[in-house]
There are 2 protein chains.
Amino acid sequence: MPPFDVPEGDPFGPHNLPYGVFSIPGSREPSNRTVGVRLGDHVLDAGAAAHALGSPYASLLAQPTLNPLLAAGRTAWSDVRRALTAWVTVPSHREALEPFFHPLSSVTLHLPFEVADYVDFYASENHARNVGQIFRPDAADSLTPNWKHLPIGYHGRSGTVVVSGTDVVRPSGQRKAPADAAPVFGPSVRLDIEAEVGFVVGVPSELGAPVALGDFREHVFGLCLLNDWSARDIQAWEYVPLGPFLGKSFATSVSAWITPLDALEEARVAPPERTHELLPYLDDTKDAQDGPGGYDLRISVAVNGHVVSEPPFSTMYWTAAQQLAHMTVNGASLRTGDLYGSGTVSGPAERERGSLLELTWNGRDPLELPDGKRTFLEDGDVVTLSAWAPGPDGVRVGLGEVTGRVVGRDA
Amino acid sequence: MPPFDVPEGDPFGPHNLPYGVFSIPGSREPSNRTVGVRLGDHVLDAGAAAHALGSPYASLLAQPTLNPLLAAGRTAWSDVRRALTAWVTVPSHREALEPFFHPLSSVTLHLPFEVADYVDFYASENHARNVGQIFRPDAADSLTPNWKHLPIGYHGRSGTVVVSGTDVVRPSGQRKAPADAAPVFGPSVRLDIEAEVGFVVGVPSELGAPVALGDFREHVFGLCLLNDWSARDIQAWEYVPLGPFLGKSFATSVSAWITPLDALEEARVAPPERTHELLPYLDDTKDAQDGPGGYDLRISVAVNGHVVSEPPFSTMYWTAAQQLAHMTVNGASLRTGDLYGSGTVSGPAERERGSLLELTWNGRDPLELPDGKRTFLEDGDVVTLSAWAPGPDGVRVGLGEVTGRVVGRDA
């Protein structure tokens, strides 16, 4: 099967097949974006392949975004995945499709879907406790009273969700140290990351009709890595009483590849034991016949190529299914392309924390990197999140990385 | 000029000409939505009119949403308005266009634009002080320390912005009284409104490039009335530390008519005197050659047809231009269709408060309506916001009303 092989055990082998949107640089068309499926270090032009094979899915795949596929629903998702699996594994198909594979290094990857609403949650107990201890050291409980009763979340800015590889301009804004008489304006001096997992909604829901816990897989297509860039100094001054705004809204990076939930069946794990009785719409302890709601994703956070943390997604207290049920329990509707972030993923160990805020304990304990100490990010720093999950037969399922370089506003 | 006349002094006369999107019920096309312009109690099919007159603006107007017109920019906005003014005032044009006028009562009005991001501010000092006194009675200052330094805002859910006339399903959710040991679940028992003005962004901006105070009119096309329905019990339990979420995300109603800023030149007024020195990007005291940043909009809030409040928009501390400058100062980009709410409009007098929370002082002082007492909204209640502004030669400029009926989830 020339011209390329996928090594045995490759985390982007035929068991994975994440979806993205790519274009060929320099091609004559004004926009030649189309859906691609990753196999090893190549991308398959899925629409062209479907056309060539006379597949009925060509109209879902020959599209400049994933939104039509997302909207098509679970049966279509399974059917398309089954077809793609055959195309890349049956030798005759694979051979016929060689013209439609492009080396990853030869294509440009784009934001894979049009983001409708973007919501960000706060679902790691370790993260919430760390933040509580840092900012409210005198509080009796490092968690707010509501934390164990509902997955806390808020809406973010969907217009500034960018694809992996996009430079992040250091935001300017107001900040005020407690001792200052008035706020000052300037570039953030406490620019941070948050290592998260993003969930992508495919099938919409009707206004006024909540989505039950058990309907999660009917609505959510897949997941990606997500970096919720955060300017801690801007955030600290602005966020009381209505929550984060400019401290977050300048950029949210997502990976170029959306991993379908169907590729992550072997990664499903039970979430941590619930310490509080949950209201019925959130109670996932009684009705688990569809399998557990957690995912065993092993995330890695690197600054300038140096791994600083390995947050374990399996430790998240609230699951994506609970977040979806909560987000809609008031009757709020879903749209194709809705994106929701898990919240910062932090494990119990120091080297498992998903933000520099926690890793450096708000700057008190700088990280030692090969190129010097870091409290928060400096201009030129490149942050890369990567992850894998257990797959079939011990093979890993790779998630698309999300990377971004910090640039000064005048860079 | 048969078949209809616009009475002298009609607030929707030829000096106003707000834009909306309408369709003719029962027409054969699957979707026949198109841009309409209101004149008196009629709506002009603007795209059909433009076609009939051979106008170059037909392609901007024969559209199912306002977005193409919004994206076209200020020069196009002025040109289109000038053309429309001629069409509805020059007798020969007006006569030629009679076939394209439809009685308002014969059409269906739709959400006039596709909402990109939705942001809500908190810009009334009276409102913020009332809320502070109600919820933090022991605080030394009823305003949070940041309030006078920046326009506080947060992102809301754009997917649940609905057009005037849409029923609002009473949301269910968690609430917890201070004395309760654990939260309970059920329909909100403290459903409220917030009388606001919404601003509609037309021209996008680039990621990383703030929009200056003076560029407000290059980006913002117009405004509408907005009701930010709020479930106070859900909100109270969820909002610490990340702000409002399900307490607001179930519905936000906007009027069917977008009033262009160009129709409101006579309504511009100076905002209240600034009590704190502002950082340069927000300082509108030094550079007012383009005219003042406030708008003299006289809002009226009616419950079941009974006026309960008349909030004066001229009292808003932060202007829409300041809100736009703040929203983008961190480099966040704008998209065509971005919507931002002013925040609840409350004047200094009791009968000028823009929420039931304030009007009833959190339920302590019920309102006496002809059909009984009200603290918060009951199923079946209809809330209607209307407004007018001073126009040319003493004629009022009417804003499109925003109305909605509360229905129980099982209704």
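Since we're looking at a predicted model, the values are computed, not measured. (Residues numbered from 1 in each chain as written. Chains lettered and ligands numbered in written order. Predicted model: local features only at pLDDT ≥ 70, side-chain atom pairs only at ≥ 80, totals over all residues. Heavy atoms only, no water.)

Okay, the overall build of chain A next. Regarding its fold elements, chain A presents 10 helices and 26 strands. Over its C-alpha atoms chain A spans a radius of gyration of 21 Å, differing by no more than 12% from the 22 Å that the globule rule assigns to 411 residues. The dimensions of chain A, computed from C-alpha atoms along their principal axes, are 70 × 50 × 40 Å. Within chain A, the fraction of its 411 residues that count as buried is 61%. A sequence separation of at least 24 residues applies to 74% of the contacts in chain A between residues at least 6 apart. (Helix = DSSP H or I, 4+ residues; strand = E, 2+ residues; numbered from the N terminus. Rg over C-alpha atoms; globule rule 2.2 N^0.38 Å. Buried < 20%, exposed > 50% of the residue type's maximum accessible area, 1.4 Å probe, protein only. Contact = heavy atoms within 4.5 Å.)

This brings us to the packing of aromatic side chains. How two aromatic rings sit relative to each other is given by the distance of their centres and the angle of their planes. Residue and element names in this part refer to chain A. Enumeration over the complete set of coordinates arrives at 22 aromatic pairs over all chains. Between the aromatic rings of Phe-4 and Phe-101, the centroid separation amounts to 5.1 Å while the plane-to-plane angle is 65 degrees, which identifies the pairing as edge-to-face. One end of the pair, Phe-4, is in the segment before β1 (19-23); the other, Phe-101, is in strand β4 (residues 101-103), with 97 residues separating them in the sequence. Each member of the pair, Phe-4 as well as Phe-101, is classed as buried. (Phe/Tyr/Trp six-rings, centres within 6.5 Å; stacked < 30°, edge-to-face > 60°.)

We now examine helix α4 (residues 74-89) of chain B. Here α4(B) contains 16 residues, and its C-alpha end-to-end distance of 22 Å stays within 8% of the 22 Å for a straight helix at 1.5 Å per residue. Within the span of α4(B), buried status applies to B:Arg74, B:Ala76, B:Trp77, B:Val80, B:Arg81, B:Ala83, B:Leu84, B:Trp87 and B:Val88. (Expected span 1.5 Å × (residues − 1).)

All names here are of chain B. Taken together, the 5 strands give an open sheet; going across it, the order is β9-β26-β25-β20-β21, and neighbouring strands pair in mixed fashion. Lying at the two open borders of the sheet, with one neighbouring strand each, are β9 (168-169) and β21 (306-309). The sheet contact formed by strand β25 (residues 382-390) and strand β26 (residues 396-407) spans 8 bridges and is antiparallel. Bridged to Val-383 within β26 is Gly-404. (Pairing = 2+ DSSP bridges.)

This part covers the domain arrangement of chain A. Residues and elements named next belong to chain A. We note that the domain assignment places domain 1 (19-110) and domain 2 (118-407) within chain A. Each of domain 1 and domain 2 was reduced to a C-alpha centroid, and the two centroids are 29 Å apart. Listed by partner, the interface residues are 20 residues for domain 1 and 19 residues for domain 2. Contact between domain 1 and domain 2 buries roughly 1600 Å² in total, counting both sides, with carbon and sulfur atoms accounting for 66%. (Domains from an automatic or database assignment. Buried area = accessible area lost by both parts, 1.4 Å probe.)

This paragraph deals with the interface of chain A and chain B. Across the contact, 57 residues belong to chain A and 57 residues belong to chain B. With both chains or domains summed, chain A and chain B bury close to 5200 Å², and 62% of this area falls on carbon and sulfur atoms. Looking only at chain A, the three residues that lose the most surface to chain B are A:Arg157, A:Leu242 and A:Phe245, adding up to 15% of its buried area. Elements represented by at least two residues in the side of chain A that touches chain B include exactly β6 (118-121), β7 (153-156), β10 (172-175), β11 (184-187), α8 (232-238) and α9 (320-328) of chain A.

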